[in-house]
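Residue-level structure breakdown
What follows is the residue order along each chain.
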Amino acid sequence: MMSNALPLTLALTAIILAGCDDHDGRMVNSKICADFTASKTAPAGAVVAAEDAASPVDECVRRWAYSLAGAHDGADVVANAAVAACGTALTRWNQASLDQPPAQDSSGAPVETVNLDTGQPTNAMAEHTAFAHRQALLYVVQARAGRCKPPPATKGAPNGI
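Cut-offs used in this document
Residues numbered from 1 in each chain as written. Predicted model: local features only at pLDDT ≥ 70, side-chain atom pairs only at ≥ 80, totals over all residues. Heavy atoms only, no water. Helix = DSSP H or I, 4+ residues; strand = E, 2+ residues; numbered from the N terminus. Polar contact = N/O pair within 3.5 Å; in protein donor to acceptor, adjacent residues only side chain to side chain. Contact = heavy atoms within 4.5 Å. Disulfide = S-S within 2.5 Å. Salt bridge = Lys/Arg side-chain N within 4 Å of Asp/Glu carboxyl O. Buried < 20%, exposed > 50% of the residue type's maximum accessible area, 1.4 Å probe, protein only.

In this section: the side chain of Asn-115. With respect to the helices and strands, the residue Asn-115 is situated in the loop between α4 (87-98) and α5 (124-146). Within the structure, Asn-115 has its side chain in polar contact with the backbone nitrogen of Thr-118 (distance 2.9 Å). Apart from the residues lying within four places of it in its own chain, the contact partners of Asn-115 are Gln-120, Thr-122 and Glu-127.

Given below as structure tokens:
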């Protein structure tokens, strides 16, 4: 019985190590990868729900984070670069929030906005920036973990933004 243990152990080790190689650049866990081939246009005559204000920022940081995920820098550095690349989308979202009336209590006094995670005072622009950074970091790690392919690009920028 002991004589069969060594070949079995070697075979299992080989299988495990085969799972650790780079798979020739192919995706390792495609179920966590974003699908950049899906069309964003609705069929003619279809009713489309209005996008929320965060969608353009989220889409931008997702595409840039996936595009930059192959860099050898830390995920936080790559996420910061993705957010920087999406400055225009983030600025548009912030400008739109300036058109919103400030929150008021029943007496008409301004209500201090509080971050629900930290309990610290905050404002819409700070929360928008925090959202963009959180999403970018998630997408960088997601792309790296799944060895996901970046979106198609034209002239160095990802398509679709």
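Moving on, we come to the state of the cysteines. In the structure shown here, the tally under the stated rule is two disulfides. Paired by a disulfide, Cys-33 and Cys-148 hold their sulfur atoms 1.9 Å apart. In this structure, the disulfide formed by Cys-33 and Cys-148 twists by about -80° around the S-S bond and is classed as left-handed. Pair noted here: Cys-33 is in the loop between α1 (2-18) and α2 (55-68) and Cys-148 is in the loop between α5 and β1 (153-154), with a separation of 115 residues, a long-range link.

Within the fold, Ala-81 resides in helix α3 (residues 75-85). With 52 residues separating them in the primary sequence, Ala-81 and His-133 have C-alpha atoms 9.7 Å apart.

Counted under the stated rule, the structure contains two salt bridges. Of the charged contacts in the structure, one is a salt bridge between Glu-59 and Arg-62, with a shortest N-O distance of 2.7 Å. Linking Glu-59 with Arg-62, this pair stays in helix α2, spanning three residues, or about one helical turn. Like Arg-62, Glu-59 is buried. Look at Glu-59 and you get buried, because its relative accessible area is 10%. Residues joined by salt bridges that share partners form a network here, namely Glu-59, Arg-62 and Arg-63.

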